[in-house]
Amino acid sequence: MPSRQIVERQPRMLDFRVEYRDRNVDVVLEDSCTVGEIKQILENELQVPLSKMLLKGWKTGDVEDSTVLKSLHLPKNNSLYVLTPDLPPPSSSSNVGALQESLNQNFMLIITHREVQREYNLNFSGSSTIQEVKRNVYDLTSIPVRHQLWEGWPTSATDDSMCLAESGLSYPCHRLTVGRRSSPTQTREQSEEQSTDVHMVSDSDGDDFEDAPEFGVDDGEVFGMASSALRKSPMMPENAENEGDALLQFTAEFSSRYGDCHPVFFIGSLEAAFQEAFYVKARDRKLLAIYLHHDESVLTNVFCSQMLCAESIVSYLSQNFITWAWDLTKDANRARFLTMCNRHFGSVVAQTIRTQKTDQFPLFLIIMGKRSSNEVLNVIQGNTTVDELMMRLMAAMEIFTAQQQEDIKDEDEREARENVKREQDEAYRLSLEADRAKREAHEREMAEQVRLEQIRKEQEEEREAIRLSLEQALPPEPKEDAEPVSKLRIRTPSGEFLERRFLASNKLQIVFDFVASKGFPWDEFKLLSTFPRRDITQLDPNKSLLEVKLFPQETLFLEAKE
């Protein structure tokens, strides 16, 4: 049985953008790291003791410091925030610049609806008023502003017209609780007397819709709707600047509606989801699951709450799929997705989605990346069960796994060929470098020989010029019968003899010049006498031959200096 090759996967890197008061810190870690390691990095960056730090914003709720990031099934990009309830807030500044900075900050209000035990995460700018917050809560909970009973507002928030930056809210996150007053006609003073924990009871200032009579008429009936109907925030903003921002709101609203146990939706464009799923090594590829939401379908709530958020489905998707989502409720978003669909999957798939009726939504598209195109393996409609959904996901995985094995084999063979080619190219390159080095060394050697030959030639020419100059400058040789004459016989290192007559009055330098004119410069050769042995070149060259006792005749010999 052939041995199975063990391939080590590259670690997955996660990006975290962490907010703390007026600062943002970017942290990049492997998914094998723990939550505590993020806190250690933040401790150094923010100068906040680890023991005083609460790291919030996890999709799964609060986590332990020892929790491994991989177990949380996080997307590549994540947003968190740090709370420090045990540390005093930074000292407030009364100048206009500090106030303006607070007005530009965003506050996250975590508002719990007491009666239904539901939590909303709402973002407001610091310039928003308390009244605006209450009206937004009315849209979510159907509790009119005059019937809202609040807990958690700071004692300094005494007026609904006050902006959030001046109200004393904790930054960047503040928790509040809202409920419905037990009696629509109950006054704010009575409510405060009955509950000492309540900091503020909403009034009806500026609420144009709340002037209707309250003779037992249900608030919903005033607006012509059932009192139990809740106004939902849209899953996705219309005409969002980029798909990443739209997916951020989608994920937040999905968590608000259906809880934190849901698939990890990829935050980014559809093209980026393709890159993450398909354009990596064959061993790391995944299927792409596209969830198409529609708020007006009667199947949506059941599909999301009972099937898409089932633990088995969430776990299977997290391990084997990149999950991307889009909301088709708004016409603009629907048109935008159909354009993307036509570009990436072709007109047939786009037409299939276009012709789906509202009650057939939501849809689940299973996409497999192929060499030439992206193939839609399956289109799952909302009228399914958990078991059927799991079976269809597993069937898609079987097709994908078979294709992946072929791709891995092709990739391994291609890499093997490329490795052989790289080795051959490297060997050829090294051979060329060796030949070039050898050629350059030979050229350097030849150039050095030419240089040395040129130097030698120049030196010989210089010596010859000096020799000729000395030869021409010698006085004429005196005749034999001239008086007084010194006859010198000089033996060369080769055994030859140089003979010449000099006047006894001639200086010793003339003898040196004569010897040099014959090719034996006195700085390279010593002129020695035999009996007694003397080094004539050590004598004063300005003395006469008579003075140095080289008269009337003498035999000398030349010896090279060491």
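Residues numbered from 1 in each chain as written. Predicted model: local features only at pLDDT ≥ 70, side-chain atom pairs only at ≥ 80, totals over all residues. Heavy atoms only, no water.

Participant: Explanation requested: the sheet that holds strand β16 (residues 525–529) in the structure shown.
Facilitator: Within a beta sheet, neighbouring strands are joined by backbone hydrogen bonds and run either parallel or antiparallel to one another. Strand order in the open sheet made by the 5 strands is β15-β14-β18-β16-β17, with mixed pairing throughout. Across the chains shown, the open sheet's two edge strands, defined by having one partner strand only, are β15 (497–503) and β17 (534–535). For β16 and strand β18 (residues 553–560), the ladder comprises 5 bridges, and the chain directions are antiparallel. Bridge pairing in β18 places Ser 529 opposite Leu 556. Taken strand by strand, helix α13 (residues 508–517) contacts β14 (485–491), β15, β16 and β18, and its axis lies near 150 degrees from that of β15. (Pairing = 2+ DSSP bridges. Helix = DSSP H or I, 4+ residues; strand = E, 2+ residues; numbered from the N terminus. Contact = heavy atoms within 4.5 Å. Axes fitted to C-alpha atoms, helices over the stretch in contact; angles between N-to-C directions.)

Participant: Is there a simple way to think about the nonpolar core in this case?
Facilitator: One recurring pattern in soluble globular proteins is that nonpolar side chains are buried together. Counting residues in each nonpolar core, the largest one holds 59 residues, and the members touching the most others are Leu 288 and Trp 324. With residues near it in sequence (within four places) discarded, Leu 288 still touches Leu 270, Ala 273, Phe 274, Ala 277, Phe 278, Phe 321, Ile 322, Trp 324, Leu 365, Ile 366 and Ile 367. By size, the runner-up hydrophobic cluster in this structure holds 21 residues, among which are Cys 33, Ile 38, Leu 55 and Trp 58. (Core = buried A, V, L, I, M, F, W, Y, C linked by side-chain atoms within 4.5 Å. Buried < 20%, exposed > 50% of the residue type's maximum accessible area, 1.4 Å probe, protein only.)

Participant: Whenever I open this one, the sheet that holds strand β11 (residues 321–327) confuses me. Can you help?
Facilitator: The sheet built from 4 strands is open, its strands ordered β11-β10-β12-β13 with mixed pairing. On the outer flanks of this sheet lie β11 and β13 (374–381), each paired with one strand and no other. Neighbour-to-neighbour, the strand axes of this sheet turn through a mean angle of 20 degrees, independent of strand direction. Pairing analysis gives 7 bridges linking strand β10 (residues 287–293) to β11, with the strands arranged parallel. Note that in β11 the partner of Ala 289 across the bridge is Thr 323. Across the sheet, helix α8 (residues 300–308) is in contact with β10, β12 (363–369) and β13; its angle to β10 comes to roughly 145 degrees. Strands in contact with helix α10 (residues 331–345) are β10, β11, β12 and β13; relative to β11, the strand with the most contacts, it is inclined by about 140 degrees.

Participant: Help me understand the pairing of β16 in this model?
Facilitator: Each regular strand shows side chains that alternate between the opposite faces of the sheet. Summarising burial for β16: 4 of the 5 residues are buried, a large majority. Pairing between β16 and β17: 2 bridges, direction antiparallel. Bridge pairing in β17 places Leu 528 opposite Asp 535. Counted between consecutive antiparallel strands, the loop separating β16 from β17 contains 4 residues.

Participant: Help me understand the packing of helix α9 (residues 311–320) against helix α12 (residues 386–473) in this model?
Facilitator: Two numbers describe a pair of packed helices, the interaxial angle and the distance between the axes. The contact between α9 and α12 brings their axes to 10 Å, and the two run at 15 degrees. Classified by the interaxial angle, the pair formed by α9 and α12 is roughly parallel. At the point where α9 passes α12, the crossing takes the left-handed sense. Touching Ser 312, Ile 313, Tyr 316, Leu 317 and Asn 320 of α9 are Val 386, Leu 389, Met 390, Leu 393, Met 394 and Met 397, all from α12. Of the residues in the contact of α9 with α12, the class split is 9 nonpolar, 2 polar and no charged. (Parallel < 35°, antiparallel > 145°, perpendicular 65-115°, else oblique. Left-handed = near helix turned anticlockwise from the far one by under 90°. Nonpolar A, V, L, I, M, F, W, Y, C, P; charged D, E, K, R; others polar.)

Participant: I'm lost on the environment of Thr 530 in this one. Help?
Facilitator: Tracing the chain through its elements places Thr 530 in the loop between β16 and β17. Residue classification places Thr 530 among the partly exposed residues on the basis of a relative accessible area of 32%. Taking the C-alpha atoms as reference, Thr 530 lies 7.4 Å from Thr 555; in sequence the two are 25 residues apart. Excluding residues that lie within four positions of it along the chain, Thr 530 makes contacts with Glu 554, Thr 555 and Phe 557.

Participant: Help me understand the packing of aromatic side chains, please; the structure alone is not making it clear to me.
Facilitator: Per the stated rule, a full pass over the model turns up 21 aromatic pairs. With a centroid separation of 5.2 Å and 75 degrees between ring planes, the pair formed by Phe 254 and Phe 265 is classed as edge-to-face. Taken together, the residues Phe 254 in helix α6 (residues 243–258) and Phe 265 in the loop between α6 and α7 (270–277) connect sequence positions 11 residues apart. One exposure class covers both Phe 254 and Phe 265, and it is buried. Their ring planes at 75 degrees and their centres at 5.8 Å tell us that Phe 502 and Phe 514 sit as a pair that is edge-to-face. Taken together, the residues span a long stretch of sequence, with Phe 502 in strand β15 and Phe 514 in helix α13 at a distance of 12 residues. The class for Phe 502 is buried, based on a relative accessible area of 1%. For Phe 514, a relative accessible area of 5% gives the class buried. Just above the ring of Phe 497 sits the side chain of Arg 489; from NZ or CZ to the centre is 3.9 Å. Directly above the aromatic system of Phe 502 lies the positively charged group of Arg 500, at a separation of 4.9 Å from the ring centroid. (Phe/Tyr/Trp six-rings, centres within 6.5 Å; stacked < 30°, edge-to-face > 60°. Lys NZ or Arg CZ within 6 Å of the ring centre and 35° of its normal.)

Participant: Is there a simple way to explain the pairing of strand β1 (residues 13–20) in this structure?
Facilitator: The alternating pattern of β1 places Leu 14, Phe 16, Val 18 and Tyr 20 on a buried face and Met 13, Asp 15, Arg 17 and Glu 19 on a face that is not buried. Examined bridge by bridge, β1 and strand β2 (residues 23–30) share 8 bridges and lie antiparallel to one another. Opposite Val 18, over in β2, you have Val 25 as the bridge partner. Between β1 and β2, which pair antiparallel and follow one another directly, the connecting turn spans 2 residues, one of which, Arg 21, has a positive phi of 55 degrees. Strand direction decides the pairing type here: β1 and strand β4 (residues 77–83), joined by 5 bridges, are parallel. Across the sheet, residue Phe 16 finds its bridge partner in β4, namely Asn 78.

Participant: What is the right way to look at the environment of Leu 83 in this model?
Facilitator: Position of Leu 83 relative to the elements: it lies in strand β4. C-alpha of Leu 83 to C-alpha of Lys 52: the two residues are 31 residues apart in sequence and 8.5 Å apart in space. Apart from the residues within four sequence positions on either side, Leu 83 is in contact with Lys 52, Met 53, Leu 54, Lys 56, Pro 172 and Cys 173.

Participant: Please clarify how helix α11 (residues 347–354) should be interpreted in this entry.
Facilitator: Note: α-helices contain 3.6 residues per turn, so residues at a spacing of three or four share the same orientation. Those residues of α11 not exposed but buried are Val 349, Ala 350 and Ile 353. Looking straight down α11, one finds its buried side chains confined to an arc of 100 degrees; they lie on one side. (Arc of directions from axis to C-beta.)

Participant: Hey, could you run me through the pattern of salt bridges in this one?
Facilitator: When the charged atoms of two side chains with opposite charge come close together, those side chains can pair. In the structure shown here, the tally under the stated rule is 29 salt bridges. A salt bridge links Arg 414 to Glu 411, with the nearest nitrogen and oxygen atoms 4.0 Å apart. One end of the pair, Arg 414, and the other, Glu 411, are both in helix α12, 3 residues apart, so they sit about a helical turn from each other. On the basis of relative accessible area, Arg 414 is assigned to the partly exposed category, the value being 37%. Judged by its relative accessible area of 7%, Glu 411 falls in the buried class. (Salt bridge = Lys/Arg side-chain N within 4 Å of Asp/Glu carboxyl O.)

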